[in-house]
Amino acid sequence: MSRTFDVVDLIRTKRDGGRLSQDQIQWLVGAYTDERVAEEQMSAMAMAILLRGMDREEIAQWTAAMIASGERMDFSGLTAADGSRRLTADKHSTGGVGDKITLPLAPLVASFGVPVPQLSGRGLGHTGGTLDKMEAIVGWRAHLSNDEMFAQLDSVGAVICAAGSGLAPADKKLYALRDVTGTVESIPLIASSIMSKKIAEGADALVLDVKTGTGAFMKSYDDAAELARTMVALGTDAGVNTTALITEMNTPLGLTAGNGVEVEESVEVLAGGGPADVVDLTAALAEEMLAGVGITGVDVREHLRNGKAMDSWRAMVAAQGGNPDAPLPQPKHTHTITAAVSGTVTRMDAYAVGVAAWRLGAGRGRKEDPVQAAAGIRMHAKPGDTITAGAPLLSLYTDDEARISRAEEALAGAIDVDASGGPVELPDLIHARITAADL
Ligand code: URA
């Protein structure tokens, strides 16, 4: 029988800056999952961890304990025609505004014969959620059984679906607790939360898109880099071929933020068009995922131009009950914000755009709230573009007209225009790449 510990002793140890042993971590996470440790005790522990941190070994053990609280998925039975094992690749984004990359990325990578088991979440707060976006497609189903997921990976190659309740249940409880106890912003807790789910999901290769900027969880570059290094270390130690890109999130990605509007833009990318930043990031992440399973020297953009990624998308949507040809929902109300002066757009704040889209109905205030499929924002100009006074700058979409004024309030001061029309220096989209060799 495994040892038991006094939870108050463990809280005191961490509170006073000590380290927890593997046995203590295993016991604590297990006892919390099956309710032998009370919520108030775990909230004290989470706060002690936020204030005192954890070392690399503690984080790895904490992550392992969260994985052990539930099931591990196994895709080793996916085989090619010659009987060889098909390696799987996955991506995780730490969340941003206008971040629709999963939608074109999963079918793009699958179009190279690599299965992509993309377990995704819903939006909370100002960042959107992939499942909420996909549900704008008529008939599309987010919940698949493990058998359905395996069969779709085998036949179509790409799956975007909700994580089942069996994956890292300790994280589900702890994340909900952190959300209401001011303990979300702890790099060890964020890294172990994300990586417990990703490792339990069982992909062979993983690329992490760690965002930095006003619209991201990690506002500063240094915090994003530390989170990226911590997660790459966790993935590597667990035998997953893991890399991270640190990417720009001071400005929204692409020209849309919301649900149906982001699906529309993703389909443009899959048809060989779409905004350059969305295409560039999709291509960079696809190259990382393919390299992670040993495929290099391919032109990923060719599959956006020649329709192969689009074929994967259509098959993926149809396999989950969606109609890829059905029109996307249209909003009941549209409100256009126009440029007050002529000049060059120098700044468009991602956080403000995310909050405005959320207030229009694209996001939810509480987990159980519904979202509006047609709510969101279309950006008619981005930093670097020139505009003329009176021309449309943003279109706001919602089914509930009363939401428009609150969205406009969120956007106050969010956009700068330089009336002199001078050139703007735009930040790089990808700031850094972190691999196991950088640890
Ligand atoms: N996403 C997660 O899954 N967990 C966190 O702690 C933060 C973001």
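Residues numbered from 1 in each chain as written. Predicted model: local features only at pLDDT ≥ 70, side-chain atom pairs only at ≥ 80, totals over all residues. Heavy atoms only, no water.

Naming follows an unreviewed UniProt entry, where the chain appears as Thymidine phosphorylase of Nesterenkonia massiliensis. For the chain, the Subunit (unreviewed entry) comment in UniProt is given as "Homodimer." In UniProt, the chain has this text filed under Sequence similarities (unreviewed entry): "Belongs to the thymidine/pyrimidine-nucleoside phosphorylase family." (UniProt positions renumbered as here; feature names shortened; annotations may be inferred.)

A.B. asks: In this structure, what is going on with the packing of aromatic side chains? I would like to understand it.
C.D. replies: A ring pair, where both rings are aromatic, is described by two values, the distance of the centres and the angle of the planes. Taken as a whole and judged by the stated rule, the model has one aromatic pair. Here Lys173 stacks its cationic end above the ring of Tyr32, 4.1 Å away from the centre of that ring. Here Lys197 stacks its cationic end above the ring of Tyr175, 5.9 Å away from the centre of that ring. (Phe/Tyr/Trp six-rings, centres within 6.5 Å; stacked < 30°, edge-to-face > 60°. Lys NZ or Arg CZ within 6 Å of the ring centre and 35° of its normal.)

A.B. asks: So what exactly am I meant to see when it comes to the UniProt feature "domain: Pyrimidine nucleoside phosphorylase C-terminal" (unreviewed entry) in the chain here?
C.D. replies: Per the UniProt record, "domain: Pyrimidine nucleoside phosphorylase C-terminal" (unreviewed entry) is annotated on residues 344-418. A distance of 5 Å separates the end C-alpha atoms of residues 344-418, which is 28% helix and 29% strand. (Helix = DSSP H or I, 4+ residues; strand = E, 2+ residues; numbered from the N terminus.)

A.B. asks: I keep staring at the pairing of strand β1 (residues 89-93) and nothing clicks. Help me out?
C.D. replies: Across a regular strand the side chains alternate sides, sitting on one face of the sheet and then on the other. Across the five residues of β1, five count as buried, placing the element largely inside the fold. The alternating pattern of β1 places Ala89, Lys91 and Ser93 on one face and Asp90 and His92 on the opposite face, and all of these are buried. Pairing of β1 with strand β4 (residues 205-212), which is carried by five bridges, proceeds in the parallel orientation. Bridge pairing in β4 places Asp90 opposite Leu206. (Buried < 20%, exposed > 50% of the residue type's maximum accessible area, 1.4 Å probe, protein only. Pairing = 2+ DSSP bridges.)

A.B. asks: Just checking my understanding: could you explain the nonpolar core for this structure?
C.D. replies: Membership of the largest hydrophobic core comes to 69 residues, with the highest contact counts inside it found for Met134, Trp313, Ile377 and Leu396. A per-element tally of this core places helix α12 (residues 276-292) first, with nine residues. Leu10, Ala65, Ala224 and Ile246 belong to the second largest nonpolar core, which has 59 residues in total. (Core = buried A, V, L, I, M, F, W, Y, C linked by side-chain atoms within 4.5 Å.)

A.B. asks: Is there a simple way to think about the domain arrangement of the chain in this case?
C.D. replies: Often the size quoted for an interface is simply the accessible area lost on bringing the parts together. Partitioning the chain into domains gives domain 1 (7-68), domain 2 (89-164 + 178-325 + 432-438) and domain 3 (333-418). Listed by partner, the interface residues are 14 residues for domain 1 and 17 residues for domain 2. Summed over both sides, the interface between domain 1 and domain 2 buries roughly 1200 Å², with carbon and sulfur atoms accounting for 80% of that surface. Linking domain 1 with domain 2 are one salt bridge. (Domains from an automatic or database assignment. Contact = heavy atoms within 4.5 Å. Buried area = accessible area lost by both parts, 1.4 Å probe. Salt bridge = Lys/Arg side-chain N within 4 Å of Asp/Glu carboxyl O.)

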